[in-house]
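Letter by letter, the chains look like this.
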Amino acid sequence: MNTTSSSSKVHPEIFRENKLVAHLLTSTPNTIYRGARAAISLCNLSLQAHQYSLSQIWLESGLEDETNAIHEWMDIKKPDATILIAQDKLMGNWWLYTTNPDVLVIGYWPNEIFTHLKEGALRVYFGGETYTPLDMDSPQMGSGRYPKQGLDNSAFMSVLGIVDSDYNENDINLDVMRAYVSRDCYDLGHIGYWNVHFGHAFLFGGPGGKCDE
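Under an unreviewed UniProt entry, the protein chain has the name Neprosin PEP catalytic domain-containing protein and belongs to Crotalaria pallida.

Trainee: Provide a residue-level description of the state of the cysteines, including the pertinent values.
Mentor: This model, assessed by the stated rule, comprises one disulfide. The partner cysteine of Cys185 in its disulfide is Cys211, sulfur to sulfur 1.9 Å. Its S-S torsion of approximately 105° makes the covalent link between Cys185 and Cys211 right-handed. With Cys185 in the loop between β12 (177-181) and β13 (187-193) and Cys211 in the segment after β14 (200-205), this pair connects stretches of sequence that are 26 residues apart. With respect to burial, Cys185 and Cys211 carry one shared label: buried.

Trainee: So, the environment of Ala155: which residues are in play, and what are the values?
Mentor: Mapping Ala155 onto the fold places it in strand β10 (residues 155-163). The spacing of Ala155 and Gly144 is 11 residues in sequence and 8.1 Å in space, taken between C-alpha atoms. Setting aside its immediate chain neighbours within four residues, Ala155 contacts Ser41, Gly142, Ser143, Phe202, Leu203 and Phe204.

Trainee: Pulling in residues and values, what's your account of the pairing of strand β9 (residues 123-131)?
Mentor: Counting buried residues in β9 gives nine out of nine residues, a clear majority hidden from the surface. Across eight bridges, strand β2 (residues 19-26) lies against β9 in antiparallel orientation. In the strand pairing of β9, Leu20 is matched with Thr130.

Trainee: Let's hear about the environment of His197: which residues, and what values?
Mentor: Structurally, the position occupied by His197 is in the loop between β13 and β14. The sequence separation of His197 and Val159 amounts to 38 residues, and the corresponding C-alpha distance is 7.8 Å.

Trainee: Before we move on, could you go through the packing of aromatic side chains and cite the residues and values that matter?
Mentor: Within the structure shown, the criterion is met by seven aromatic pairs. On the numbers, 5.0 Å between centres and 10° between planes, the contact of Trp58 with Tyr125 is stacked. Here the residue Trp58 occupies a position in strand β4 (residues 52-61), and Tyr125 occupies one in strand β9, the gap between them amounting to 67 residues. Here Trp58 matches Tyr125 in class, with each residue buried. Pairwise contacts between aromatic rings join Phe156, Trp194 and Phe198 into one cluster.

Trainee: Break down the nonpolar core for me, citing the residues and quoting the values.
Mentor: Generally speaking, nonpolar side chains in soluble globular proteins are found buried as a group. With 33 residues, the main nonpolar core has Ile57, Ile85, Trp94, Phe126 and Met157 as its most contacted residues. At the level of elements, β2, β3 (35-40), β4, β6 (82-87), β7 (94-99), β9, β10 and β14 are the ones that each hand at least two residues to this core. The element contributing the most residues to this core is β10, with four residues.

Trainee: Describe unusual backbone geometry, with residues and values.
Mentor: In this structure, Asn30 takes a positive phi of about 65° despite not being glycine. Within the element layout of this structure, Asn30 appears in the loop between β2 and β3. With phi around 70°, His50 is a residue other than glycine that occupies positive phi space. With respect to the helices, strands and loops of the structure, His50 is situated in the loop between β3 and β4. Residue classification places His50 among the exposed residues on the basis of a relative accessible area of 66%.

Trainee: Outline the pattern of salt bridges, listing residues and values.
Mentor: Going through the model one piece at a time under the given rule, you end up with four salt bridges. Two residues, Asp137 and Lys210, come together in a salt bridge whose shortest N-O distance is 3.1 Å. With Asp137 in the loop between β9 and β10 and Lys210 in the segment after β14, this residue pair connects regions lying 73 residues apart in the sequence. Under the relative-accessibility criterion, Asp137 is labelled partly exposed at 34%. For Lys210, a relative accessible area of 52% corresponds to the exposed category. One network of salt bridges, in which partners are shared, links Arg37, Glu169 and Asp171.

The rules behind these values
- Residues numbered from 1 in each chain as written.
- Predicted model: local features only at pLDDT ≥ 70, side-chain atom pairs only at ≥ 80, totals over all residues.
- Heavy atoms only, no water.
- Disulfide = S-S within 2.5 Å.
- Helix = DSSP H or I, 4+ residues; strand = E, 2+ residues; numbered from the N terminus.
- Buried < 20%, exposed > 50% of the residue type's maximum accessible area, 1.4 Å probe, protein only.
- Contact = heavy atoms within 4.5 Å.
- Pairing = 2+ DSSP bridges.
- Phe/Tyr/Trp six-rings, centres within 6.5 Å; stacked < 30°, edge-to-face > 60°.
- Core = buried A, V, L, I, M, F, W, Y, C linked by side-chain atoms within 4.5 Å.
- Salt bridge = Lys/Arg side-chain N within 4 Å of Asp/Glu carboxyl O.

What follows is the structure in structure tokens.
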């Protein structure tokens, strides 16, 4: 599934305080990103009404009160099935592809629907995100297990890459990546280059629960 958004103005009492993340962020001053790629493992989690738990790539541009964003999440069963979001050089549209291993075009977002992303993205995120109402425990993220439990148990994202300002697809530069976990009921781990098959990758997720305590 995929979505776009063009504004982040949401009342914090009904959304922001309950949206938790565990993600890697790449954002370098004066750097434009034309896309991002990753293979995503996704598990069948048990959620309650009005909750969500996502494993996704998202690209953003603009200031906090006027943000354009593209989010993409998908159930990828094998580490060599990769999602790629990329802006084309001719028209500036944002395209969604998968490879398994052949390239498959899923669709595109026309650049006319954006105010900022038509000029490229300023921030690229890889990781998980959850939401729950104030009176409920936070849901599981990833596989529902922490990265310390290893690849056989934890969710992962691999073959991480970006499309640079010259429209070239490259592996991510870990030196400019920042890790962020909003609460201790989730975590990131084993961030780095794994091997030729997984490339640059990381484990993420956790059991959720009473994340304010």
